[in-house]
Amino acid sequence: MKYIKKQRTMVLGSFLSAAALSMVLLSNPVKADSVSSSQVSQTTTTQTDNNQDKEPTQTDNTKSESQTSQNNSESTSQATQDQTTNSDKKVGAVQDTDPANNEETTDLTNEDEEDIYTNNLKSVQNAVAKLDKQNKAANKAIEAAKKQKKVATSSKNTPKKTTTVSKQDEVKDTTFNRHVTFQAAVVKKAGSKNYNVYKSISSTGKLGKKVGNGIDYANNHIEATEVYQATKYRYWLIYVDGVRTGWVNENFFARNKIEVPKVVSLVKNPDTSFYTPYALSYATDEYGNVVGNWNVKVSTQNVDTTKAGTKKVTYSVGKKAKATVTFKIRKSDKEGIAEANAEVKPGTNNLKSWRTHYGHSENYVDYTTYAPESTSHTYKTNGLTFTTKFYQPLYLNQQPDINTPQVNAVGHIPEGMVMSDGWLYTSLLAHSNSTSGHIVAYNLNALKDPYASQNLSSLTAKSFTNYVKNMKVSPYIYTGHGQGMGASDKYIYVVANEHGRYNPADSETLLQINKSDLTVNKIWTFKAWVGDSSNPRYFHNAVIVDDNTMYALYHNTKDKTYEYWMFKRTGSNWYPTEVGATGGNFVSGNAPVQGFAYDSKHKNFYIAFNDLIVKVGQDGTYKEAYTFETGREIEGISISNNRLYVNLAQRPELLESSELTD
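All of these numbers come straight from a predicted model, not from anything done at the bench.

1. Overview of unusual backbone geometry
- In this structure, His412 follows Gly411 across a cis peptide bond, with omega equal to 5°.
- The residue Leu518 is not glycine, and still its phi comes out positive at about 60°.
- Checked against the element boundaries, Leu518 lands in the loop between strand S29 (508-514) and strand S30 (520-526).
- Of note, the phi angle at Lys603 is positive, near 55°, even though the residue is not glycine.
- By the element assignment, Lys603 lies in the loop between strand S36 (595-599) and strand S37 (604-609).

As structure tokens, this is what we get:
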């Protein structure tokens, strides 16, 4: 049976949750009128300042002037200022019997959240279109008044003083609601040109002090909550990584753009059809709003991979945004067919782990109740010492809430991670069953303070800009469960598999993601069948070590063994070979694998369970086990610079080991 994701029917506007759409909007340049019957609020502003809106269309990439006022402190409800929620007491004092019981409490489905975002997007689009129409009419009226005045004053038969048009007449029909506040944030995508970011904009459109260069935020998560229509340009109030940043010209954003890879290469497999929206990185409308990949029209929803061939698929948003992807189903009938004949090395079943977390960091209880951490940890186990390297923000979006649409939500569940050239890359999902999310990158070569990222909104504008220039956030992309990751010099890799699927004959998806902007550069699918589709290997854990090599872990529950597979790429084909196997399940109680890494220097695999890491040789020889007592889930491991990195959950905390040995 083919695995085909069906297009759902969009149901809009029938159930919008007031709680989900309510938004605390802060530091407005003008107080907005309350409009309960609409999803936007408008503020009436009279435009009479002839010196307003003087910004050039773009600026050069100069340094931002020093900012002494606390621009970011104007917001009292910030995602990245990790203050205690729902309590004025220190979080550590809260009694917590089982944080897992409070981890996922939303009644909304993914489709519900998509509908909420789509409804809000439509209200924003309608409001901006109305502003644009009104502004054009106002400008036309002003020009008409000027012409009338010019004609009147040039008449020889009429005294000049009686033909002068009054100020009241001059601005007639030019007054309208120029400032709109949204009840929920819309996601924006930066373009390639630099525009100044300003602290404020007045009721007459006069821009305040410059607080930064937009280009410095081009690779961060940008949301907008307000828009102001000036005479010549339109400005949006943006939040960067959840922090109120300032007002920027609409021309800063990527408009009418669809970002997709040029080619998607698919392994031949009669058991799989590829769902074409998975190739999208993002798509924007004419205002630079991210429309949500589910709202992009595709000419073909699923590409059949039964037979070799080529199919072009067109992606479109409205009349102006279009892109085409070539899907190539590879020819080889031998690709993905292998033998599982590696010698099984003796293992164990006696190691201890668990399925459900029971612990948390000192100031974290659950996703609603937390505060910044200020304590580092040290764990010594079997010759290795692990120490705290970096605490990560729980959220990087403007409205941290379990019902926030996932395209907005950057957090709160880490799943996979990889260290590469001093950068931490981690996959974040909004819900444990999500199959799309964000990749977030931190340059730990520059971000050396292990605690600072928890307090972004408390920084001055200049310090904030300098900090987030060392961070990147991908668009909302298909990641699958996001646990299998890897890196090469230029790319991040993610094995986007279906976490709830066990041993199907389906192909799996491998994403190649640009390190530069974290958009998808290329996609392959791959498979591993022992003989034929009746004996498949479906991998939940893998690590990519270079552009042509991937290692994958398979738990053969029937034979009670762990198998280690190497995939080698030749052209676009990925060929699997079993390189080793270990007998036993390592742990009792069916505890899940939470990470997989390969030490190329010593040729060892590391397999992470909760509070447990197992080391085996490449051929499957069991070597050592490292145990912890944190009660927190491990969400990804990686090896870089001869050190093992472990990412803990229940607040994300990166640990770094001492140097590895044989």
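2. As for the sheet that holds S30
- Pairing in this open sheet of eight strands is mixed, and the strands run S12-S14-S15-S9-S30-S29-S28-S27 from one edge to the other. Looking along the sheet, the strands with just one partner apiece sit at the ends: strand S12 (297-298) and strand S27 (484-487).
- Of the pairings in the sheet, the one linking S27 to strand S28 (residues 491-496) comprises four bridges and is antiparallel in character. The partner of Gly486 across the bridge, within S28, is Tyr493.

3. Brief notes about the nonpolar core
- Within the largest apolar cluster, 91 residues are counted, with the highest numbers of intra-cluster contacts made by Trp236, Ile258, Tyr315, Phe327, Tyr425, Tyr442 and Ile513.
- Per-element accounting of this core gives the leading share, seven residues, to helix H2 (residues 110-154).
- In terms of nonpolar packing, the next biggest core, distinct from the first, is built from 20 residues, Val587, Ala591, Val593 and Ala625 among them.

4. Quick word on the pairing of strand S9 (residues 263-266)
- Sheet topology places S9 next to strand S15 (residues 321-329); four bridges connect them, and they run parallel. Following the sheet pairing, Ser265 is matched in S15 by Lys328.
- Here two bridges tie S9 to S30, and the two strands are oriented parallel to one another. Residue pairing across strands places Val264 opposite Ile523, the latter belonging to S30.

5. Things to note about the pattern of salt bridges
- Summed over all chains, the structure comprises 13 salt bridges.
- Residues Lys268 and Asp333 are paired through a salt bridge, measuring 2.7 Å at the closest nitrogen-oxygen approach. One end of the pair, Lys268, is in the loop between S9 and strand S10 (273-275); the other, Asp333, is in the loop between S15 and strand S16 (337-338), and 65 residues separate them in sequence.
- For Asp333, a relative accessible area of 60% translates into the label exposed.
- Here Asp421 ties to Lys515 by a salt bridge, and the two come within 3.4 Å at their closest N and O atoms. With Asp421 in the loop between strand S22 (413-420) and strand S23 (423-429) and Lys515 in the loop between S29 and S30, this residue pair connects regions lying 94 residues apart in the sequence.
- Three or more residues joined by partner-sharing salt bridges are found here, namely Asp132, Lys136, Arg234 and Glu250.

6. Comments concerning the sheet that holds S36
- Overall, antiparallel pairing links the four strands, which are arranged S36-S37-S38-S39 in an open sheet. At either margin of the open sheet sits one strand with a lone partner, and together these are S36 and strand S39 (622-627). Taking each pair of neighbouring strands and ignoring which way they run, the sheet shows an average axis angle of 20°.
- The pairing of S37 with strand S38 (residues 612-617) spans six bridges and is antiparallel. Paired with Phe605 across the bridge in S38 is Val616.

7. Some details on the side chain of Gln301
- Within the element layout of this structure, Gln301 appears in the loop between S12 and strand S13 (302-304).
- Relative accessible area serves as the criterion here: at 19%, Gln301 is assigned to the buried category.
- Side-chain polar atoms of Gln301 contact the side chain of Tyr275, separated by 3.3 Å.

8. Let's talk about the packing of aromatic side chains
- Tallied over the full model, the rule gives 31 aromatic pairs.
- Centre to centre, the rings of Phe386 and Phe628 are 5.3 Å apart; their planes meet at 65°, and the pair counts as edge-to-face. Of the two residues, Phe386 is situated in strand S21 (residues 384-391) and Phe628 in the loop between S39 and strand S40 (634-640); the sequence distance between them amounts to 242 residues. Side by side, Phe386 and Phe628 carry an identical accessibility label, which is buried.
- Ring centres of Phe539 and Phe567 lie 5.7 Å apart, and the angle between their planes is 90°; this geometry places the pair in the edge-to-face category. Within this pair, whereas Phe539 is found in the loop between strand S31 (529-530) and strand S32 (541-546), its partner Phe567 is found in strand S34 (residues 561-570), the two being separated by 28 residues in sequence.
- Judged by its relative accessible area of 1%, Phe539 is buried.

9. Brief notes about the confidence of the model for the protein chain
- Overall, the prediction assigns the protein chain a mean pLDDT of 84, with 80% of residues at 70 or greater.
- Every residue in residues 1-52 scores below 50 in pLDDT, and together they form 142 contacts with partners more than four places removed in sequence or on other chains.
- The low-confidence segment residues 56-81 (pLDDT under 50) makes 88 contacts with residues lying over four places distant or belonging to another chain.

10. Digging into helix H5 (residues 461-468)
- Those residues of H5 that sit buried are Ala461, Phe464, Thr465, Tyr467 and Val468. The arc enclosing the buried residues of H5, seen along the axis, measures out at 165°, which places them on a common side.
- Where H5 is buried, its residues touch strand S4 (210-213), strand S6 (234-240), strand S7 (243-249), S21 and strand S25 (471-473).

Cut-off values and rules
Residues numbered from 1 in each chain as written. Predicted model: local features only at pLDDT ≥ 70, side-chain atom pairs only at ≥ 80, totals over all residues. Heavy atoms only, no water. Helix = DSSP H or I, 4+ residues; strand = E, 2+ residues; numbered from the N terminus. Pairing = 2+ DSSP bridges. Core = buried A, V, L, I, M, F, W, Y, C linked by side-chain atoms within 4.5 Å. Buried < 20%, exposed > 50% of the residue type's maximum accessible area, 1.4 Å probe, protein only. Salt bridge = Lys/Arg side-chain N within 4 Å of Asp/Glu carboxyl O. Axes fitted to C-alpha atoms, helices over the stretch in contact; angles between N-to-C directions. Polar contact = N/O pair within 3.5 Å; in protein donor to acceptor, adjacent residues only side chain to side chain. Phe/Tyr/Trp six-rings, centres within 6.5 Å; stacked < 30°, edge-to-face > 60°. pLDDT = per-residue confidence, 0-100. Contact = heavy atoms within 4.5 Å. Arc of directions from axis to C-beta.

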